[in-house]
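# Per-entry structural report
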Amino acid sequence: MQQQPCALPARTTLVVMGVSGSGKSEISQAVATALGWRHIEADHFHPPENVERMRAGIPLSDEDRRHWLDALCEQMLAAQAAGECFVLACSALKRAYRERLRQAVPGLQFVHLDIDHATAVQRVGARPGHFMPTSLVDSQFATLEKPAGEPYVRVVDAQQSRQALVADIQAWVRREATEAVSSQAQDMLDSEIDSANQAAQLGAEPIYEGRIARMFDRLTDGLMAVLMAFMVVAVFTNVVLRYAFGTGWPGAEELSRLAFVWLVFVGVASGMRRGELMTFRMIRDRFPLLAQRLVDSLSWILVAGASLLSALGAWNQVQFGWGNVSTVVGYPVVLAMLPVLASMLVLAILAVVQLVNLWRRTPQATLTQAHVE
Ligand SMILES: Nc1ncnc2c1ncn2[C@@H]1O[C@H](COP(=O)(O)OP(=O)(O)O)[C@@H](O)[C@H]1O
Ligand SMILES: O=C(O)[C@H](O)[C@@H](O)[C@H](O)[C@H](O)COP(=O)(O)O
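Residues numbered from 1 in each chain as written. Chains lettered and ligands numbered in written order. Predicted model: local features only at pLDDT ≥ 70, side-chain atom pairs only at ≥ 80, totals over all residues. Heavy atoms only, no water.

As recorded in an unreviewed UniProt entry, the protein chain goes by the name Multifunctional fusion protein, listed as coming from Ectopseudomonas chengduensis. The annotation that UniProt attaches to the protein chain under Subunit (unreviewed entry) is "The complex comprises the extracytoplasmic solute receptor protein and the two transmembrane proteins." Per UniProt, the protein chain has the following entry under Catalytic activity (unreviewed entry): "D-gluconate + ATP = 6-phospho-D-gluconate + ADP + H(+)". (UniProt positions renumbered as here; feature names shortened; annotations may be inferred.)

Structure, rendered in structure tokens:
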């Protein structure tokens, strides 16, 4: 049967292991045919001396198996290099032998055909023309270190019918491949989410610290707390008056709207000072360090420019609204423009401070500090 190029990205390599007579050769061949994978028969890679030893009833030693295992590793790597999945029939009796194979092919899967001594002896005895004598079955069991507990291992009862064994192994291989693919997909998704999180993140450090910064924080925090409390009380009072007493406070909506405008702009200035505004750095992080500084500088110049333009707009509005009052409460409408003006001026100043920081700090500090808004 012609092998198909192996399309699965994971769990594409399998060893069918067990003592002599467990059914490695036959079952692995059938599994390979069913999956369309290359079949490698380890018996074919024993040097003639090993075959002669076994024919003479002499068990192989670790040393006898060393070059044989090396040859098997070469065969597995050759299959992989050709882009083929493979099933290797190999006794792989000791853990150390399996580790040698795993070393060459990380993630190698093993199916252990677990068989009892009597059945193995019976099968080996009934197999005509094979070099392996039944006298060696004892030593095979003596050498066997069962693989249970090792990674990617399935143990099956080799006394089942051939069809049941092939179906079981095939289903396990497919399950493992699906799980591996979905866990790879999950890993990719996780890393996408990580890089997205890195791309859009809160600025790590405050732009400016010092006595004035502490005063500014106290002032803005206090102001926001008062504004928030005022909004809650105003809206709540209005609702209670309206539904409980059939009256209301006509100014509540207008004043809470005004408080909201103040809250937003005070919050923007406060967040910017603390470096807490959302930043996107996915593209910027791909540049070399110097280019990153230049991109950051350009970004801060743009922030300063845009903030100044907004401040100018707010100032025009202040002049325009001078003398005008709100319709319900009658507060001067410039009160709604002042937070915009103040906040935009603060943003422009902070952007300039950050521009200076960029060129004063070390490149590493700049890297963690920089924001691309
Ligand atoms: N599930 C099975 N049920 C009955 N006989 C089997 C089964 N699997 C293999 N055999 C037979 O057992 C003998 C040993 O199988 P083989 O594949 O050569 O084992 P191994 O390669 O492990 O020595 C063969 O004659 C084979 O036809
Ligand atoms: O490590 C070993 O002692 C041999 O590899 C042995 O395990 C293998 O079983 C023989 O090559 C016989 O071949 P069969 O396993 O096909 O009987």
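What follows deals with the UniProt feature "transmembrane region" (unreviewed entry) in the protein chain. Here the UniProt feature "transmembrane region" (unreviewed entry) sits at residues 223-243, 255-273, 294-315 and 335-359. For residues 223-243, the helix share is 100%, the strand share is 0%, and the end-to-end C-alpha distance is 30 Å. Secondary structure over residues 294-315 splits into 100% helix and 0% strand, and the C-alpha atoms at its two ends are 31 Å apart. (Helix = DSSP H or I, 4+ residues; strand = E, 2+ residues; numbered from the N terminus.)

The next point concerns the site of ligand 2. Of all residues adjacent to ligand 2, which total 15 residues, the nearest are Ser20, Lys24, Asp43, Arg65 and Arg127. Measuring from an oxygen atom of ligand 2, one finds a side-chain N or O atom of Lys24 at 2.8 Å. Isolated, ligand 2 exposes 390 Å² of accessible area, and the fraction of that covered by the protein chains is 98%. Contributing elements (two or more residues each) for the shell around ligand 2: α1 (24-35) and α3 (62-81). Among the residues forming the shell around ligand 2, the class breakdown is 5 nonpolar, 6 polar and 4 charged. (Near = heavy atom within 4 Å. Polar contact = N/O pair within 3.5 Å; in protein donor to acceptor, adjacent residues only side chain to side chain. Areas by Shrake-Rupley, 256 points an atom, 1.4 Å probe, with all protein chains shown as cover. Nonpolar A, V, L, I, M, F, W, Y, C, P; charged D, E, K, R; others polar.)

Right, let's get into helix α8 (residues 211-245). Spanning 35 residues, α8 covers 49 Å between terminal C-alpha atoms, matching the ideal 51 Å at 1.5 Å per step. In this fold, the buried residues of α8 make contact with α9 (251-273) and α11 (334-360). (Expected span 1.5 Å × (residues − 1). Contact = heavy atoms within 4.5 Å.)

On to the pattern of salt bridges, then. The final tally for this structure, using the stated rule, is 18 salt bridges. In this structure, Glu99 and Arg102 form a salt bridge, with 3.0 Å as the shortest nitrogen-oxygen distance. With Glu99 and Arg102 both in helix α4 (residues 95-104) and 3 residues apart, this pair spans about one turn of that helix. Across the pair Arg102 and Glu150 runs a salt bridge whose closest N-O atoms are separated by 2.8 Å. Here Arg102, found in helix α4, pairs with Glu150, found in the loop between α6 (137-143) and β5 (153-157); they are 48 residues apart in sequence, far enough to count as distant. For Arg102, a relative accessible area of 10% gives the class buried. (Salt bridge = Lys/Arg side-chain N within 4 Å of Asp/Glu carboxyl O. Buried < 20%, exposed > 50% of the residue type's maximum accessible area, 1.4 Å probe, protein only.)

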